[in-house]
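Each chain, written out:
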Protein chains: 2
Amino acid sequence: MNYDKIYATRTSRIKASAIRELLKLAANPNLISLGGGLPSPDSFPLNLVTELTEKILTKYGSTALQYDTTEGFMPLRKGLVDYLQNYGIRAGLENIYISSGSQGFLDQIGKLLISPGDYVAVEGPTYLAALQAFNAYEAEYAQIETDDEGLIPESMEEIINNYPIKFIYTVPTFQNPTGKTVGLKRREQIAEIILKYDMLLVEDDPYGALRYKGETLPTIQSMAPDNVVYASTFSKIFAPGLRVGFFVAPEKFARWMVLVKQGVDLNTSTYTQAMAAEYLLGGYIPAQVNKIINIYKPKLVTMLDALAYYFPEGYKWSKPDGGMFLWVEGPKGIDMEEVYKKSIERGVGFVPGKFFFPNPEDGIETMRLNFTNVSEEEIKSAVKILAEVAKEQLEILV
Amino acid sequence: MNYDKIYATRTSRIKASAIRELLKLAANPNLISLGGGLPSPDSFPLNLVTELTEKILTKYGSTALQYDTTEGFMPLRKGLVDYLQNYGIRAGLENIYISSGSQGFLDQIGKLLISPGDYVAVEGPTYLAALQAFNAYEAEYAQIETDDEGLIPESMEEIINNYPIKFIYTVPTFQNPTGKTVGLKRREQIAEIILKYDMLLVEDDPYGALRYKGETLPTIQSMAPDNVVYASTFSKIFAPGLRVGFFVAPEKFARWMVLVKQGVDLNTSTYTQAMAAEYLLGGYIPAQVNKIINIYKPKLVTMLDALAYYFPEGYKWSKPDGGMFLWVEGPKGIDMEEVYKKSIERGVGFVPGKFFFPNPEDGIETMRLNFTNVSEEEIKSAVKILAEVAKEQLEILV
C-alpha cells in the first residue's frame, strides 16, 4: 500500500538525518572509530551479574518479572534518595522517578513541554539525541553561545529575552559533545537567571560521576530545585543495556511526567530496575566507578598527549576533567566533513561537529572525538592519521 | 515556579483520567480485584532465570549490557522469524522489530501516524492503553460496532466510508476488554476491506498464545501482509517485567517505526531482549505456555460457572476461548459505576466497561472482569458478591 499518505506531519522532522548517512561510510569493521559514544565493554561489571541475579530472585522473586508502577521500582527510588545526596541533589522520594534511559527522559520532557513551533534554548553545540527527541515534537531552537567553559550565562539571558523559550536544556558537566564543564560561578549565575525569569532548566548529567581530576561541582539543581529537572542514568556507571535512567523534579511537575510515561511504555523494565537497585543498594557503585575511571583516564591522557604531539598549529581542543568526549576546533575555513571523508578512507572515524549545532552554519570546523571505546594504541594511531589529514586540509586552505 | 504555563497543548488529552480516580477507591489491600490486567505471578518461569542468566553471560557476555541497535537484538529477531511461522505470520528478518512492550509499540505507531485531529478507527469497546497512547497525539476516534464475535466488518467499512481514517486498530483475538475473538470468515472480510480501500490495520495480538479451547485462527496479517502491522509481546508468554514486545510490518513502513523509536528510547533493554532470546531459542515457550494455560483455564471455567450460578436474569457475558478477560453486560438502565461503588464497599473490584469506549455514552451497563490474577476461591466469592449487587441494582431499576 501507499504508506506515505498516512504519516503524521511530525515525521518531516524525524527524517533520516545527514549524520546517519555520513556514518554509514564508517561501516568498515577495521576502522578505528572515535565516532561512537559507547562505554567500553571492559567497564561493565559482568562479574556481578550472577550475584545480582541471585539477590533479585531472593529479595523480589516474581515481583521483578511483573508490571511495575510507572513511577519506578520502589527499592531503586528509595536507594536513589541517599545516593543523590552525595551529589548534592536535594530530593525526597516524591522527587525521584525512573526513566527508560536518558533518552526515555528526553522523550518524556519533550512530549510534556513542546507544542509544534515552541522554542527550546540549547547550547551550541549540544547533545544530538536531545535534538532528536525534541525534533519529533516539532521544536524550534534558540542557540546559547559557549566558550571554553561551556554555556555562557549572558548569552542564555539574552536568548531568554529574545525568544519565547519553553525551557532550557543543558549538559553542564563533561558535556557531550565537547567534554567541557560549566564552573561554579557560572552555575550560580545560571541559577540566578532562571529564578529571575521563572524559567525551567533541564540539567542533563549522564557523565558527572566520571571525573578524572578536580573537585565535584554542585549541581544547578541544588541551587534552584524548584526550577530545575535533573536527569542522569545508570548507563555510564553500570551498563547502558539496562536502559535505566532517573530524574529529579518538583513533585507537581513529576506527576505530569509520570502521566506522559504511562502512555509511552507503562514502566521501565522491572527486571533491569531490580538489577540497578541491587547494584546501588549493594554498595558496588564506588568501586565500579573507580574501576571505570581507571580505564578511561589513561585513554583521555593518551588522546590529549597525541593531539599535542601530532596536531598542526591552528587547531585547538578541549581538556576535559571527565566524561567520554573531547572537542577539536580547526581554524576558520576548515571543513571537517572533508577531513572526515578522507580520514574514513584511511581507517579512522569521528563525528564532524556541525551536527551538534542547531544553527546549520555553525561548527563546520569542529569534530567530536570519543576516547572510551578504543585502546591507547588505537588512540595514538588514529590521532596521528587525523593529524595528517588535518594538516593536508590546512595546506589546501593556504 | 508556575509550571502550568509551559505544558504542551497535547497535555489537555493526557489529563488524569476518571478511571484512575475511580480505581483509587480500590486501594483496600483486602479487596478481591477482578479489575487489574496482571498475569498471575505463578505463571512466570522464575525457575528459568538463573539458567537464562548463565546462557546470556556465556553467549553474549558484555554485549548484553551494551547499547544495541534500535531495530532490536539480532538473535531475538532471528528467533522470532521461525517462531512466528507457527502463528502463520508471513515475515522475514526485515519485517520483525522489537518494541519496549506492547505499549512502546502503540506509542511508536501513534507517533508515526497521528497528527492532531486525525481519526483512528477502533472497536467499541477497545484496549484502554491504546487510547491512552493515541490520546497523547491528539487522535479522534471513530467507533466500529461489535457483537458477540467482536468487530463487525460491515461497521468497519461504513466507518472507512464516513471518516478520514488514518488506520484501524483492533485486538481480534481474546480481546481486552471483552475476551471476544473475531472468527475466520470475518477475518477474511476484514482483510478484503482493507485491501479494497488500501487502508492500514494494526492487529494487536498479546493474548493469541493463551488459547484454552478451539483451533488457532490465521492472523489478519497473513491475509494482507502489506496492509497490516501485527504486534505481540513476551509479557503474557514470559513476563511483563521484561518490557519486550515485537511487531511485524512491511519493511518500508518499519524503517519509519525504527526512526521514531530512536528518539524515544534508543533501544529496548538489551539485557531483557537477551533473556527473551534465550527463552525463545532454548525452546522453553511451548511448555511454559502449556503451564500458563493450565493455570488460567480452570480460573476461566470457575468464573463462567460462578456467573451462570449466581448472576440474575437480564445479565449476559462473553465466553472467551482464551486470554485474560471476560465481559458482562447488564440490561439497559443498569449503571455499572454504581455497581462498582457498592461492590468496592463489599470488597470486590472490577472495571466499569464504559471506560473502554471512545464514545462516552456507550457501555454504561458493562463491566470487565479479569480472572488470571485471583484464585478460584476468590473468583467464586467475588462473583457471588458482584451478583448480589447486580441483583440489587436490578431491583432499584424496576
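Note that the structure is predicted; figures quoted are calculated from it, not measured. (Residues numbered from 1 in each chain as written. Chains lettered and ligands numbered in written order. Predicted model: local features only at pLDDT ≥ 70, side-chain atom pairs only at ≥ 80, totals over all residues.)

*Asks:* Can you explain the overall build of chain A? Please cite residues and give values.
*Replies:* Scanning chain A for helices and strands turns up 12 helices and 15 strands. Computed over C-alpha atoms, the radius of gyration of chain A comes to 21 Å, within 12% of the 21 Å expected from 2.2 N^0.38 for 398 residues, which places it in the range of a compact globule. Principal-axis analysis of the C-alpha atoms gives chain A an extent of 65 × 60 × 50 Å. Going through the 398 residues of chain A one by one, you find that 54% of them count as buried. A separation threshold of at least 6 residues defines the contact pool for chain A, and within that pool the share at least 24 residues apart is 77%. (Helix = DSSP H or I, 4+ residues; strand = E, 2+ residues; numbered from the N terminus. Rg over C-alpha atoms; globule rule 2.2 N^0.38 Å. Buried ≥ 20, exposed ≤ 12 C-beta atoms within 10 Å, placed from the backbone. Contact = placed C-beta atoms within 7 Å.)

*Asks:* Before we move on, can you summarise the interface of chain B and chain A with the specific residues and values?
*Replies:* Often the size quoted for an interface is simply the accessible area lost on bringing the parts together. Listed by partner, the interface residues are 63 residues for chain B and 65 residues for chain A. Residue contributions to the side of chain B that touches chain A peak at 9 residues, all from helix α8 (residues 251-265) of chain B.

*Asks:* Provide a residue-level description of the sheet that holds strand β9 (residues 228-233) of chain A, including the pertinent values.
*Replies:* Residue and element names in this part refer to chain A. Spatial strand order, β2-β10-β9-β8-β7-β3-β4: 7 strands in an open sheet with mixed pairing. Edge strands, defined here as strands with exactly one partner in the open sheet, are β2 (96-99) and β4 (140-144). Strand after strand, the sheet turns through a mean of 25° between neighbouring axes, direction not considered. (Pairing = 2+ DSSP bridges. Axes fitted to C-alpha atoms, helices over the stretch in contact; angles between N-to-C directions.)

*Asks:* Just give me the short version of the relation of the copies chain B and chain A, but keep the residues and values in it.
*Replies:* For the pair chain B and chain A, the relating rotation is 180°, the translation along its axis is 0.0 Å, and the fit reaches an RMSD of 0.0 Å. Interpreted geometrically, this transformation is the action of a two-fold axis. Taken as a fraction of all interface residues of chain B, those also at the interface in chain A reach 100%, which identifies the copy contact as same-surface. (Least-squares fit on C-alpha atoms with pLDDT ≥ 70 in both.)

*Asks:* Explain helix α12 (residues 376-397) of chain A to me, using residue names and the numbers behind them.
*Replies:* Residue and element names in this part refer to chain A. Taking 1.5 Å as the rise per residue, α12 with 22 residues should run 32 Å; its terminal C-alpha atoms sit 31 Å apart, in good agreement. Looking at α12, one finds that the buried residues are Ile379, Ala382, Val383, Leu386, Val389, Ala390 and Gln393. Buried positions in α12, seen along its axis, are confined to an arc of 130° and lie on one side of it. The exposed set on the far side of α12, more than 90 degrees from its buried face, consists of Glu377 and Glu395. On its buried face, α12 sits against β1 (32-33), α10 (285-310), α11 (336-345) and β13 (348-349). (Expected span 1.5 Å × (residues − 1). Arc of directions from axis to C-beta.)

*Asks:* Please provide a residue-by-residue account of the domain arrangement of chain A, values included.
*Replies:* Residue and element names in this part refer to chain A. The domains assigned to chain A are domain 1 (3-44 + 287-397) and domain 2 (65-284). Summarising the inter-unit geometry, the C-alpha centres of domain 1 and domain 2 are found 24 Å apart. The partner domain 2 presents 30 residues to the 32 residues of domain 1 that form the contact. At the level of elements, α10 and β12 (325-329) are the ones that each hand at least two residues to the side of domain 1 that touches domain 2. The element that contributes the greatest number of residues to the side of domain 1 that touches domain 2 is α10, accounting for 8 residues. Among the residues making up the side of domain 1 that touches domain 2, the classes are represented as 18 nonpolar, 8 polar and 6 charged. (Domains from an automatic or database assignment. Nonpolar A, V, L, I, M, F, W, Y, C, P; charged D, E, K, R; others polar.)

*Asks:* Can you break down the nonpolar core residue by residue, with the values?
*Replies:* A general trend in soluble globular proteins is that nonpolar side chains are found buried together. Within the largest apolar cluster, 246 residues are counted, with the highest numbers of intra-cluster contacts made by Phe167(A), Val229(A), Ala276(A), Phe167(B), Val229(B) and Ala276(B). Setting aside anything within four residues of it in sequence, one finds Phe167(A) in contact with Leu113(A), Val120(A), Met199(A), Leu200(A), Leu201(A), Val202(A) and Ile6(B). (Core = buried A, V, L, I, M, F, W, Y, C linked by C-beta atoms within 7 Å.)

*Asks:* Provide a residue-level description of the sheet that holds strand β11 (residues 316-317) of chain B, including the pertinent values.
*Replies:* Residue and element names in this part refer to chain B. The strand order across the open sheet formed by 4 strands is β11-β12-β15-β14, and the pairing between neighbours is antiparallel. At either margin of the open sheet sits one strand with a lone partner, and together these are β11 and β14 (351-352). Of the pairings in the sheet, the one linking β14 to strand β15 (residues 366-370) comprises 2 bridges and is antiparallel in character. When the bridges of β15 are listed, proline 352 appears paired with methionine 367.

*Asks:* Please set out unusual backbone geometry residue by residue, giving values where relevant.
*Replies:* Residues and elements named next belong to chain A. The omega torsion across glycine 124 and proline 125 is 0°, close enough to zero to call that bond cis. Cis peptide bonds are those with omega within 30 degrees of zero, and the linkage from asparagine 176 to proline 177 qualifies with 25°. You can see proline 177 is positioned in the loop between β7 (165-170) and α7 (184-197). A positive phi angle is found at leucine 266, which is not glycine, with a value near 65°.

*Asks:* Please give an account of the packing of α10(A) against α12(A) that cites residues and values.
*Replies:* Residues and elements named next belong to chain A. Packing of α10 against α12 brings their axes to within 9 Å, and their N-to-C directions diverge by 25°. Considering the angle they form, α10 stands roughly parallel to α12. As for how α10 packs across α12, the hand of that crossing is right-handed. For the pair α10 and α12, contact is made by Pro298, Lys299, Thr302, Met303, Ala306, Leu307 and Tyr310 and by Glu376, Ile379, Lys380, Val383, Lys384 and Ala387, respectively. Here the contact of α10 with α12 is built from residues that sort into 8 nonpolar, 1 polar and 4 charged. (Parallel < 35°, antiparallel > 145°, perpendicular 65-115°, else oblique. Left-handed = near helix turned anticlockwise from the far one by under 90°.)

*Asks:* A description of the environment of Asn370(A) should follow, citing residues and the corresponding values.
*Replies:* All names here are of chain A. Here asparagine 370 is to be found in strand β15 (residues 366-370). It is 21 Å that separates the C-alpha atoms of asparagine 370 and arginine 243, two residues lying 127 residues apart in sequence. Discounting residues that sit within four places of it in the chain, asparagine 370 has contacts with Leu34, Gly35, Gly36, Gly37, Met324 and Phe325.

*Asks:* Please provide a residue-by-residue account of α7(A), values included.
*Replies:* All names here are of chain A. Between the first and last C-alpha of α7 there are 20 Å, a value that for 14 residues agrees with the 20 Å anticipated at 1.5 Å per step. Listing the buried residues of α7 in full gives Arg186, Arg187, Ile190, Ala191 and Ile194. The buried residues of α7 occupy an angular sector of 140° when the element is viewed end-on, so they sit on one face. Facing away from the buried side of α7, by more than 90 degrees, are the exposed residues Lys185 and Lys196. Buried positions along α7 lie against β6 (150-151), α6 (153-162), β7 and β8 (201-204). Just beyond α7, the residue with positive phi is aspartate 198, at close to 50°.

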